[in-house]
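Listed below are the residues making up each chain.
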Amino acid sequence: MGSVNLVFEMNWIEEKHLSELPIFYKQIIAAWQNANAVCTKPHTTENIQNQVIWGNRHVLSQGKPLFYPHWIKSGFIYIKDILHNGKLLADKTCFQKLKIKRNWACELLTLKQAIPRQWKCGTCNVSSKKSEALPTLYVLSAKKVKTVDTIKTSDLYQNVVQQKFMSPYVEKKWEMFFECKFNWKNIWQNQINPTLGTHMSQTNYKILHEILPCGKLLCVWKNMSSKCNICNCVEDYKHLFLTCKCLTTFWKNFCNVIYKCFKCTIEVSLIEIVLGYKTNHPYNTSEIYVTINLLICIAKKVIFRNWCNNRNSDKYIPIDIFSIFKSEVNLLFNLVNNRNNRTCKHVLSNL
């Protein structure tokens, strides 16, 4: 494909040239192509000469863009690379520059026919000194449309301020997924909290933004298997943290501890894993709810660490996850401040 920069200068890349790339990178390139699809045809000499030859929707042969990797490696990348003194390079000069000369004559003829007539001399009907008037650009400011020449610095500042306080897209995404409205102020405070420690806050943040690795995401990012090493089924967040066979005993013991400590029965589902415990409850800042949410965060940390160890090994090694969980709880609860000591001691005595 050539350099990374060259790929993003192209505005039309055929699917067959991306077959070896992971899905994630294909999606990025497809999005970039869609953005470039609105670009107008270049109308000045400088713009024409800086146009990339390959993967260009304006340089077509039988309705398709050209792509000759060996020409790219030989230095033929932009329109200016095949011009000399305002004219196309001589056939002999092209032959000498090419590193792979097989079928070069046919490829050169195809290239000459594909380049628009106005481009072949490096100019177009409009002089670069007296180019066509640029289209009027409009900017949305304070819900009003203004032209670029009338907009003020204060208008641009207000645009930046408004964007700064826009809600993250993940809020709407999870509300659509769970079909429910949430108190996001409480969720962000509970899930991204300094008292949780850096590691657990990062884990919660990555789950909320769907960037914490799991089999399903690794398949998109790196063409790796999406299957769980233990259950041999598609591994999403629900499977990784809840329904995997290795976690059945763990969650049973976890719920028993919660019942002994707080005399309440809970059932941990995906909504607790992603958003936390009782996010919409009016008393979710009480000591009991905060402690239960903290225990769920510790559980996620332990489960994900165990997943990382097994994902990198060829053979699954059974581990007592609940014992590791108890050790983590002991370590964290012995470091919390005095006002939570009573609750901490109560939890530790029931582990």
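Bear in mind the structure is a predicted one, so any value in this text is a computation, not a measurement. (Residues numbered from 1 in each chain as written. Predicted model: local features only at pLDDT ≥ 70, side-chain atom pairs only at ≥ 80, totals over all residues. Heavy atoms only, no water.)

Undergrad: What exactly am I supposed to notice about the packing of aromatic side chains here?
TA: Within a pair of aromatic rings, the relevant descriptors are the distance that separates the centres and the angle that separates the planes. For the coordinates displayed, the defined rule picks out 21 aromatic pairs. With a centroid separation of 5.3 Å and 50° between ring planes, the pair formed by Trp54 and Tyr68 is classed as tilted. In this pair, Trp54 is assigned in the loop between helix 3 (45-49) and strand 1 (60-61) and Tyr68 in the loop between strand 2 (64-65) and helix 4 (69-73), connecting sequence segments 14 residues apart. Each of the two residues, Trp54 as well as Tyr68, counts as buried. A centroid spacing of 5.7 Å and a plane angle of 35° characterise the contact between Tyr277 and Tyr289, whose relative ring orientation is tilted. Note that Tyr277 is positioned in the loop between helix 14 (270-275) and helix 15 (287-311) and Tyr289 in helix 15, a separation of 12 residues in sequence. You'll find Tyr277 and Tyr289 in the same group, each marked buried. Taking the ring centre of Phe76 as reference, the NZ or CZ of Lys97 above it sits at 4.6 Å. (Phe/Tyr/Trp six-rings, centres within 6.5 Å; stacked < 30°, edge-to-face > 60°. Helix = DSSP H or I, 4+ residues; strand = E, 2+ residues; numbered from the N terminus. Buried < 20%, exposed > 50% of the residue type's maximum accessible area, 1.4 Å probe, protein only. Lys NZ or Arg CZ within 6 Å of the ring centre and 35° of its normal.)

Undergrad: Can you walk me through empty space enclosed by the protein in this structure?
TA: Vacant regions in the atomic arrangement are exposed by a probe of water-molecule size rolled over the atoms. The final tally for this structure, using the stated rule, is three cavities of 30 Å³ or more. Estimated volume of the largest cavity: approximately 150 Å³. Along the walls of the largest cavity sit 15 residues, with Ile230, Glu235, Cys244, Trp307 and Asn310 positioned nearest its centre. Secondary structure elements with two or more residues in the lining of the largest cavity: helix 12 (237-243) and helix 15. Tallied by class, the residues present in the lining of the largest cavity amount to nine nonpolar, four polar and two charged. (1 Å grid on protein atoms, 1.4 Å probe; cavity = no way out; pocket = protein on both sides within 12 Å on 5 of 7 lines; lining within 4 Å. Points joined across faces, edges and corners; volume = space filled by probe spheres on them. Nonpolar A, V, L, I, M, F, W, Y, C, P; charged D, E, K, R; others polar.)

Undergrad: Would you mind showing me how to read the nonpolar core here?
TA: Generally speaking, a soluble globular protein has its nonpolar side chains buried in company with each other. Core analysis: the largest hydrophobic core is formed by 55 residues, its most contacted members being Phe241, Phe250, Trp251, Phe254, Ile298 and Phe325. At 12 residues, the largest contribution of residues to this core is made by helix 15. Sequence-distant contacts of Phe250, that is, excluding residues within four places in its chain, are made with Ala299, Ile303, Ile321, Phe322 and Phe325. (Core = buried A, V, L, I, M, F, W, Y, C linked by side-chain atoms within 4.5 Å. Contact = heavy atoms within 4.5 Å.)

Undergrad: Just checking my understanding: could you explain the pattern of salt bridges for this structure?
TA: Pairing is possible between side chains that carry opposite charge, provided their charged atoms lie close to one another. Taken as a whole, this structure holds six salt bridges when the rule is applied. In this structure, Lys112 engages Asp91 in a salt bridge whose closest nitrogen and oxygen atoms are separated by 2.7 Å. On the criterion of sequence distance, the pair formed by Lys112 in helix 6 (residues 104-114) and Asp91 in helix 5 (residues 91-97) is long-range, its members being 21 residues apart. The partner of Lys301 in a salt bridge is Glu328, and the shortest N-O contact between them spans 3.2 Å. Placement of Lys301 in helix 15 and of Glu328 in helix 16 (residues 321-333) is noted, with a sequence separation of 27 residues between them. Overall, Glu328 belongs to the buried group, its relative accessible area being 13%. If you follow the salt bridges from partner to partner, you end up with Lys301, Arg305 and Glu328 in one network. (Salt bridge = Lys/Arg side-chain N within 4 Å of Asp/Glu carboxyl O.)

Undergrad: Looking at this structure, how should I read helix 8 (residues 169-178)?
TA: Each full turn of the α-helix corresponds to 3.6 residues, which orients residues three or four apart in the same direction. Listed in full, the buried residues belonging to helix 8 are Val170, Glu171, Trp174, Glu175 and Phe178. The buried residues of helix 8 occupy one face: seen down the axis, they fall within an arc of 135°. For helix 8, exposure combined with an orientation more than 90 degrees from the buried face picks out Tyr169, Lys172, Met176 and Phe177. Packed against the buried residues of helix 8 are helix 9 (184-191), helix 10 (198-208) and helix 14. Downstream of helix 8 by one or two residues, Glu179 has phi in the positive range, about 55°. (Arc of directions from axis to C-beta.)

Undergrad: Can you help me understand the side chain of Ser201 in this one?
TA: Along the chain, the position of Ser201 falls in helix 10. Setting aside its immediate chain neighbours within four residues, Ser201 contacts Gln191, Ile192, Asn193 and Leu196.

Undergrad: How should I be thinking about the environment of Thr279 in this particular structure?
TA: Within the secondary structure, Thr279 is located in the loop between helix 14 and helix 15. As for Thr279 and Asn293, which are separated by 14 residues in sequence, their C-alpha atoms are 9.5 Å apart.

Undergrad: Can you walk me through the packing of helix 10 against helix 15 in this structure?
TA: Describing two packed helices takes the angle between their axes plus the distance from one axis to the other. Two elements in contact, helix 10 and helix 15, have axes separated by 10 Å at closest approach and are oriented at 85°. One way to sum up the angle between helix 10 and helix 15 is to call them roughly perpendicular. The residues of helix 15 that touch helix 10, namely those facing His199, Met200, Asn204 and Ile207, are Leu294, Cys297, Ile298, Lys300 and Lys301. (Axes fitted to C-alpha atoms, helices over the stretch in contact; angles between N-to-C directions. Parallel < 35°, antiparallel > 145°, perpendicular 65-115°, else oblique.)

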